[in-house]
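Residues per chain, in single letters:
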Amino acid sequence: MQLFLNNFNFIAVGIMVFATGLFGLLVFSNNHKSITNQAFFLLSLITILYTIVNYMSSQFIDRDLVLILLRLVIFSAVWQSFSMFHFFYVFPNAEVRLPKIYKFLLMPIIVVTSILTLTPYVFSGIQNNIVIGQVASTEHGPGMAVFGLVSAGLVIAS
């Protein structure tokens, strides 16, 4: 029982990743040509990435590694916000022609914002001592506002 309690977060993350992947795969395999099913599958994959990286970011004490993992968490958060927006944009259609503003304005904003999250402009460092099992406190850079606006904007627009 003690082993289960010590590894509860790991087990919960594993179950969530498995269930999300299975559900995404089932929806996709039902009709892989449907843009809605493709969008849901993409959302599932990015949610899995976000979940794993978020879990891993609290499992190490090396400051450089934790900083990289935390940057990957918000990198994947941008893509998760976008994939949720995309899913709701195309739902419930089997086919959708995306407008030029989607391709030539929204996508570059997403790509630039996600790249920005990997730089010190969003997370410039770790503030205090790292404790395994807890999220490290980060020093925010000026790019954090861009990340917040884009991610929150996509979620609200969803």
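Look up: the structure comes first, before these words.
Q: Give me helix H4 (residues 63-90): which residues, what numbers.
A: Spacing of three or four residues puts side chains on the same side of an α-helix, whose turn is 3.6 residues. If you check H4, its first and last C-alpha atoms are 40 Å apart, about what 28 residues at 1.5 Å a residue would give, namely 40 Å. You can read the cap of H4 off the contacts: a side-chain oxygen lies 3.3 Å from the backbone nitrogen of Asp64, and it is on Asp62.

Q: Talk me through a nonpolar patch on the surface; I want residue IDs and the actual numbers.
A: Side chains of Ile52, Met56, Phe60 and Leu65 sit close together on the surface and give an oily, nonpolar patch of about 280 Å² of accessible area. Checked against the element boundaries, Met56 lands in helix H3 (residues 35-56).

Q: Which residues make up helix H5 (residues 100-116), and what values do they have?
A: An ideal rise of 1.5 Å per residue puts 24 Å on 17 residues; H5 measures up with 24 Å between its terminal C-alpha atoms. The sharpest bend along H5 reaches about 30° and sits at Leu106, with the proline Pro108 one to four residues further on. On its buried face, H5 sits against H4 and helix H6 (144-157).

Q: Account for unusual backbone geometry, with residues named and values stated.
A: Between Phe91 and Pro92 the backbone carries a cis peptide bond, its omega angle lying at 0°. Positionally, Pro92 belongs in the loop between H4 and H5.

Q: I'd like to hear about the packing of H5 against H6, residue by residue, with values.
A: It is the contact of H5 with H6, at a shortest axis distance of 10 Å, that shows an interaxial angle of 135°. The orientation of H5 relative to H6 falls into the category oblique. The interaxial crossing formed by H5 with H6 has left-handed handedness. Residues Leu106, Ile109, Ile110, Thr113 and Leu116 of H5 form the contact with H6, whose own contacting residues are Val146, Phe147, Val150 and Leu154. When the residues that make up the contact of H5 with H6 are grouped by side-chain class, the tally is eight nonpolar, one polar and no charged.

Q: Go over the side chain of Thr20, please, and point to the residues and values.
A: Looking at where Thr20 falls in the secondary structure, it is placed in helix H2 (residues 8-30). Relative accessible area serves as the criterion here: at 18%, Thr20 is assigned to the buried category. Side-chain polar atoms of Thr20 contact the backbone oxygen of Met16, separated by 2.8 Å. Here Thr20 is in contact with Ser44, Thr47 and Ile48, once residues within four sequence places are set aside.

Q: Could you give an account of the nonpolar core, naming the residues involved and the relevant values?
A: Within soluble globular proteins, side chains that are nonpolar tend to cluster in buried spots. By size, the foremost hydrophobic cluster in this structure holds 22 residues, and its most contacted members are Phe82, Leu106, Ile110, Ile126 and Leu154. Broken down by element, this core gets its largest block of residues, nine residues, from H4. Residues within four places of Leu106 in sequence aside, it is in contact with Phe82, Phe85, Ile101 and Leu154. Residues Ala39, Phe40, Phe87 and Val90 belong to the second largest nonpolar core, which totals five residues.

Q: Residue-level account of the environment of His86, with values.
A: Relative to the elements of secondary structure, His86 occurs in helix H4. With 43 residues separating them in the primary sequence, His86 and Leu43 have C-alpha atoms 8.7 Å apart. Side-chain polar atoms of His86 contact the side chain of Tyr102, separated by 2.4 Å.

Conventions adopted
- Residues numbered from 1 in each chain as written.
- Predicted model: local features only at pLDDT ≥ 70, side-chain atom pairs only at ≥ 80, totals over all residues.
- Heavy atoms only, no water.
- Helix = DSSP H or I, 4+ residues; strand = E, 2+ residues; numbered from the N terminus.
- Expected span 1.5 Å × (residues − 1).
- Polar contact = N/O pair within 3.5 Å; in protein donor to acceptor, adjacent residues only side chain to side chain.
- Patch = residues over 30% accessible without salt bridge, like charges linked within 9 Å, V, L, I, M, F, W, Y side chains within 5 Å.
- Areas by Shrake-Rupley, 256 points an atom, 1.4 Å probe, with all protein chains shown as cover.
- Salt bridge = Lys/Arg side-chain N within 4 Å of Asp/Glu carboxyl O.
- Bend = angle between axes of the 7 residues up to and from the residue.
- Contact = heavy atoms within 4.5 Å.
- Axes fitted to C-alpha atoms, helices over the stretch in contact; angles between N-to-C directions.
- Parallel < 35°, antiparallel > 145°, perpendicular 65-115°, else oblique.
- Left-handed = near helix turned anticlockwise from the far one by under 90°.
- Nonpolar A, V, L, I, M, F, W, Y, C, P; charged D, E, K, R; others polar.
- Buried < 20%, exposed > 50% of the residue type's maximum accessible area, 1.4 Å probe, protein only.
- Core = buried A, V, L, I, M, F, W, Y, C linked by side-chain atoms within 4.5 Å.

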